[in-house]
2 protein chains.
Amino acid sequence: MELRHIRYFMAVAEEMNFTKAAEKLNIAQPPLSRQIKDLENELGTELFERTSHALHLTEAGILFKQYAAQMLEIEGRSKADISKMGSSLKGLVYIATVEGYGPHMLAEWIAGFRKLHPDVSFDIWSGTTDEIVHRTHNGLCDIAIVMEPFSDPDIISKHIHSEPWAAIIPKSDPLASQKGKSIKPEDFAGKPLIMPSRASRNEEFRKWMPDPQKPLNVVCKAAHMINVRELAKTGMGIAIFPRATGIMGDDEYVTVKNIDHPKAIASYLLIKSRKRRISPACEAFWDYALSTKKK
Amino acid sequence: MELRHIRYFMAVAEEMNFTKAAEKLNIAQPPLSRQIKDLENELGTELFERTSHALHLTEAGILFKQYAAQMLEIEGRSKADISKMGSSLKGLVYIATVEGYGPHMLAEWIAGFRKLHPDVSFDIWSGTTDEIVHRTHNGLCDIAIVMEPFSDPDIISKHIHSEPWAAIIPKSDPLASQKGKSIKPEDFAGKPLIMPSRASRNEEFRKWMPDPQKPLNVVCKAAHMINVRELAKTGMGIAIFPRATGIMGDDEYVTVKNIDHPKAIASYLLIKSRKRRISPACEAFWDYALSTKKK
DNA sequence: TGTAGCGATACCTTAAAGGTATAGTAAGAA
DNA sequence: TTCTTACTATACCTTTAAGGTATCGCTACA
C-alpha cells in the first residue's frame, strides 16, 4: 500500500465516479481503476460496489475511508509542523523564466517552497531563452526556466515539462472550422505564419513540414506572447506557439488546435550555472523544484 | 510523499545506519540514500545529520518520526480491522508447486492471505511441472506454481519470480576452490553433470555452452531435489539446479555457485486453468498472490 | 599513513505507473 | 425492443522512477 492508493481512493470516494475522480487527479481513468483494484486485492475486499450507473462504498470501504482520511491528515500535519519549525534558510532567489508554461510552474513551486521556507523571497524576471542564458552567465539570475533547444557546457539543465506546439488559427481561415482538436502540419503548409522570433525555430518548424526544403511563409515574428494572439486575430496568418501560451482557448476570432506531429513538442528546462556558486536557499529551491516537477 | 518513504525513513531511524537499514529492507544502499534524500527535499529539511561515522536525527527528524510511526500504525490497523470484518470467503484451495523457490513463496502468500480470509484453507501438493500441469487440467489442483518453459493455450500463466541456475560442485572438483561466487558455463563444459530430469532442460543447458552442438555429459538425472545434493556429494558430477534448491549453500562436501550466463535464469509461473471454473476463494488467492509477488 | 566503514554519485536495468484504444454492461431514450 | 449514453474494465503500449552495480570520497581509527 502506498499513499498514492490512499489519495486515489479518497478521490473516488468523494466523487463517487471513477471518470470524474481521474480527471480531478489529472490521470486517465484506466490506471485509476487499476490502482483501486490493486488496493482492493491487497486488502482482500472490495471497497466499492460497482453497478454500471451507481457506485457505493462497501462496508469495508466505509471503514477504510476513516483510516485513509487519517493518514492523509497526518501526512499534511507532518509537513506543516516541520515547516513551522522554521528553517534557517533566508535570502533572495533570482529567477527568470520564458513565457508559456514557465510562469505557471514557477508560481506553484514558489508557493510550495515558501510554506517550507518563509524567509526566502523571490525576484522573477521574464524574457527569451537567449536573454535568460545571458543573465545566468552574468549572475543576474540564479535559476531559470528556458526552452529547448539549449545546450551550454557551463550550465546544468534538467528537463521539467513538455507540451505540444499549438496553432492559433484565425476564424477567417477554413482550417478553423475543421473538426478535431488537432491539425497536421500538412494542413497549413505554405500558409502565412506568425511564429516565435528565436532563430532556431524556423529550421525546427520546417522539419515538420511535408517538404522540409521549402521555406516557410513567415509573415510576422514575435518574441513576446502578448502580441501573438492579437496578430492572429487580425487574420494575417496562423500563429504557432507552445500550447500553454494559447491556453485561453477559442474565442470569437481564433481557434486553438494542437499540432499533430511526433516532433512538435516544446520542452522546458530548469537551468543554473555550473560555475557560479549560488546560495543555500537557491540550492534548496533547485532541489525542491526537481523533486516536485509537474506533480 | 509515499508510504515507501515512510517505511524507509523508519528503517534508517531504527538502525541509524543506511547500509544496515538497506539490508533489512532488502534493497541496495544507494537507492535507499536517494529515497531519503527525496523525502528531505520534499520536506525542505534534512532529517538526518550525516557525519561519516555517526548518524543523528535532526530536530525535524525527531518530529517527523512521530508522524511516520503514526502513519504506519494506521496503515496496519486499517488492514487488521478490515480483515476482522470477516470476509464471506470460505473454502478449500488446492495448490500445487514445484520444488525450489515455490514453497517459500507459497508459505508467505498463504500466511498473508489467511489473515484476510481465515475461513479459507489450503491443500498443497508438490511435484514436477509436467505432473502439475496434468493435475491442473484434471481439476486436481486450482492454482499452481510451475517452471518455464511452459505454454498451454488452456492455461493462464503469469510470471512471478526468476532466479539464477546454480551449480552444486563437489569439493573434489578444482572448480570448487575457484574464487568468486559464480562460474561460467565454459568452466564446466564437458564435465559430468547431474541435472533435472525434465526433457527440455538438456537442450536449454546446451545453449549456454561454448559449443551448443556438443552433447552434455549427463551422468545422472533427478526429478526431485532431495536427491540432488546427495548425488553431488559423492563427487560423481556437478549438479545444476535453480538457486533456491541449493540455498543451503556450501558445506563440507559441496560448494554452490551461481551460473554466470545471461540465459541461465530459472523462471517460475503461477498458473490456473482457463476452462475450469474455480471458487471465489481461489480467484481471490490468485489476485492476492499476483498483487503481492515477491514483496 | 594506510585501512576499513559508510554514505554519496554516476550510470544502467527493470518494474510499475500512466496513456490510448476499445470492449463490455446496464440504464434510459426513441 | 433496439439504440444511445454513461460508465468501468481489459488489453496493450510508453514512460517514469525505483532498484541495482561500480566506484568515489570522506573520516575515524589502527
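Note that residues are indexed from 1 along each chain, following the sequence as it is written. Going through the entries in the order they are written, you letter the chains from A and number the ligands from 1. Reporting of local features is limited, given that this is a predicted model, to residues whose pLDDT is at least 70; pairs of side-chain atoms are given and counted only at 80 or more, and all residues count toward the totals for whole chains, interfaces and linings. The basis for the side-chain values is all heavy atoms of the structure; hydrogens and waters are excluded.

1. Some remarks on the overall build of chain A
Inclusion rule: In this description a helix means any DSSP run of H or I spanning at least four residues, a strand means any run of E spanning at least two, and both kinds are numbered starting from the N terminus. The contact criterion used is simple: two residues touch if any of their non-hydrogen atoms lie within 4.5 Å. Charged residues are defined here as Lys and Arg on the positive side and Asp and Glu on the negative side; His and the ends of the chain fall outside this count. Note that the charge is assigned to NZ on lysines, CZ on arginines, CG on aspartates and CD on glutamates.
When helices and strands are counted, chain A shows ten helices and twelve strands. By its C-alpha atoms, chain A is 65 × 55 × 30 Å across when sized along the principal axes. For chain A, restricting intrachain contacts to residue pairs at least 6 apart in sequence, the fraction spanning at least 24 positions comes to 72%. Here chain A carries 40 positive and 37 negative side-chain charges, and the mean point of each set is 3 Å from the other.

2. Topic: the pattern of salt bridges
To be explicit about the condition: For salt bridges, the criterion is a side-chain nitrogen of Lys or Arg within 4 Å of an Asp or Glu carboxyl oxygen. For every residue, the accessible area obtained with a 1.4 Å probe (protein chains only) is divided by the maximum for its type, and the residue is called buried under 20%, exposed over 50%, and partly exposed between those limits.
Under the counting rule described, the total for this entry stands at 22 salt bridges over all chains. Between A:Lys24 and A:Glu15 there is a salt bridge, and its shortest N-O distance comes to 3.5 Å. Between A:Lys191 and A:Asp173 there is a salt bridge; the shortest N-O distance is 2.9 Å. Remark: A:Asp173 occurs in the loop between strand 6 (155-170) and strand 7 (182-183) and A:Lys191 occurs in the loop between helix 7 (185-188) and strand 8 (193-196); sequence separation between them is 18 residues. Looking at A:Asp173, the relative accessible area reads 13%, which means it is buried. Several salt bridges converge on common partners, so that one network encompasses A:Glu2, A:Glu42, B:Arg7, B:Glu75 and B:Lys79.

3. Topic: the pairing of strand 5 (residues 143-147) of chain B
All names here are of chain B. Threshold: Note: two strands are recorded as paired if DSSP finds a minimum of 2 bridges between them.
Judged by how many residues are buried, strand 5 sits mostly within the fold: five of five residues are covered. What you see with strand 5 is no split at all: Ile 143, Ile 145 and Met 147 on one side and Ala 144 and Val 146 on the other are buried throughout. Pairing analysis gives three bridges linking strand 3 (residues 91-97) to strand 5, with the strands arranged parallel. Paired with Ile 95 across the bridge in strand 5 is Ile 143. Sheet topology places strand 5 next to strand 12 (residues 265-273); five bridges connect them, and they run antiparallel. Note on strand 12: the bridge partner recorded for Ile 145 is Leu 270.

4. Section: the environment of A:His137
Residue and element names in this part refer to chain A. Here His 137 shows up in helix 6 (residues 129-138). On the basis of relative accessible area, His 137 is assigned to the partly exposed category, the value being 35%. Linking His 137 and Ile 155, residues 18 residues apart in sequence, is a C-alpha distance of 8.3 Å.

5. Some points on the packing of helix 2 (residues 18-25) of chain B against helix 3 (residues 29-43) of chain B
Residue and element names in this part refer to chain B. Heads up, the rule is: Fitted lines through C-alpha atoms give the axes, limited to the stretch in contact for helices. The angle between two N-to-C directions lies from 0 to 180 degrees. We call two directions roughly parallel when the angle between them is under 35 degrees, roughly antiparallel when it is over 145, roughly perpendicular when it lies between 65 and 115, and oblique otherwise. Each residue is assigned to one class: nonpolar for Ala, Val, Leu, Ile, Met, Phe, Trp, Tyr, Cys and Pro, charged for Asp, Glu, Lys and Arg, and polar for all the others, Gly among them.
Two numbers describe how helix 2 lies on helix 3: the axes approach to 9 Å, and their chain directions differ by 105°. Judged by the inter-axis angle, helix 2 sits roughly perpendicular to helix 3. Contact with helix 2, carried on its side by Phe 18, Thr 19, Ala 21, Ala 22 and Leu 25, involves Gln 29, Leu 32, Ser 33 and Ile 36 of helix 3 and no other residues of that element. Partitioning the contact of helix 2 with helix 3 into residue classes produces six nonpolar, three polar and no charged.

6. Looking at the relation of the copies chain A and chain B
Here is the rule: Here the copies are matched by least squares. The fit uses the C-alpha atoms of residues with pLDDT of at least 70 in both.
Once chain A is rotated about the relating axis by 180° and shifted along it by 0.2 Å, it coincides with chain B to within an RMSD of 0.3 Å. On this basis, the relationship between the two copies can be described by a two-fold rotation axis. Most of the interface of chain A is mirrored in chain B, where 100% of its interface residues are also at the interface.

7. Digging into the protein's contact with DNA strand C
Our working rule: Being near a molecule or strand, for a residue, comes down to having at least one heavy atom within 4 Å of it. Pairs of N or O atoms are called polar contacts if they sit within 3.5 Å, as long as, within protein, a hydrogen donor faces a hydrogen acceptor (for residues adjacent in sequence, only side-chain-to-side-chain pairs).
Close contacts around DNA strand C come from 20 residues, with A:Tyr8, A:Ala28, B:Thr19, B:Ser33 and B:Arg50 the closest. A:Arg34 has a polar side-chain atom sitting 3.2 Å from a base nitrogen of DNA strand C. Measuring from a phosphate oxygen of DNA strand C, one finds a backbone N or O atom of B:Phe18 at 3.0 Å. Residue assignment for the surface near DNA strand C shows that the elements contributing at least two residues are helix 1 (3-15) and helix 3 (29-43) of chain A together with helix 2 and helix 3 of chain B. Broken down by element, the surface near DNA strand C gets its largest block of residues, four residues, from helix 3 of chain A. Split into classes, the residues belonging to the surface near DNA strand C amount to seven nonpolar, ten polar and three charged.

8. Let's talk about the packing of helix 1 (residues 3-15) of chain B against helix 2 of chain B
Residue and element names in this part refer to chain B. What counts is decided by this rule: In this scheme the crossing of two helices becomes right-handed for a clockwise turn of the near helix relative to the far one and left-handed for an anticlockwise turn of less than a right angle.
At a minimum axis separation of 8 Å, helix 1 and helix 2 run at an interaxial angle of 130°. In terms of orientation, helix 1 and helix 2 fall into the oblique class. Crossing hand, helix 1 versus helix 2: right-handed. Residues Arg 7, Tyr 8, Ala 11, Val 12, Glu 14 and Glu 15 of helix 1 pack against Phe 18, Lys 20, Ala 21, Lys 24 and Leu 25 of helix 2. Grouping the amino acids of the contact of helix 1 with helix 2 by side-chain chemistry returns six nonpolar, no polar and five charged.

9. A look at the interface of chain A and chain B
As a reminder, the rule being used: Using a 1.4 Å probe, buried area is obtained as the accessible area two parts lose upon being combined, added over both of them.
Listed per partner, the contact involves 31 residues of chain A and 31 residues of chain B. The junction of chain A with chain B conceals about 3,100 Å² of combined surface from both sides, 65% of it contributed by carbon and sulfur atoms. Its largest share of buried area at the contact with chain B, chain A owes to A:Tyr67, A:Ile74 and A:Ile82, together 19% of the area lost on that side. Across the chain A-chain B interface, the total number found is four salt bridges. Here A:Glu42 makes a salt bridge to B:Lys79, at a shortest N to O gap of 2.9 Å. The tally of links from chain A across to chain B stands at 14 residue pairs in polar contact (both at pLDDT 80 or more).

10. Here's the deal with the environment of B:Val254
Residue and element names in this part refer to chain B. Looking at where Val 254 falls in the secondary structure, it is placed in strand 11 (residues 254-259). The exposure class assigned to Val 254 is buried, which follows from its relative accessible area of 0%. Residues Val 254 and Phe 122, spaced 132 residues apart in sequence, show a C-alpha to C-alpha distance of 36 Å. When residues no more than four places from it in sequence are discounted, the contact partners of Val 254 are Ile 168, Ile 169, Pro 170, Lys 171, Arg 229, Ala 232 and Lys 233.

11. A look at the side chain of A:Glu40
With respect to the secondary-structure elements, A:Glu40 resides in helix 3. With sequence-adjacent residues up to four places away left out, A:Glu40 is seen in contact with A:Thr45, A:Glu46, A:Leu47, A:Phe48 and A:Arg50.

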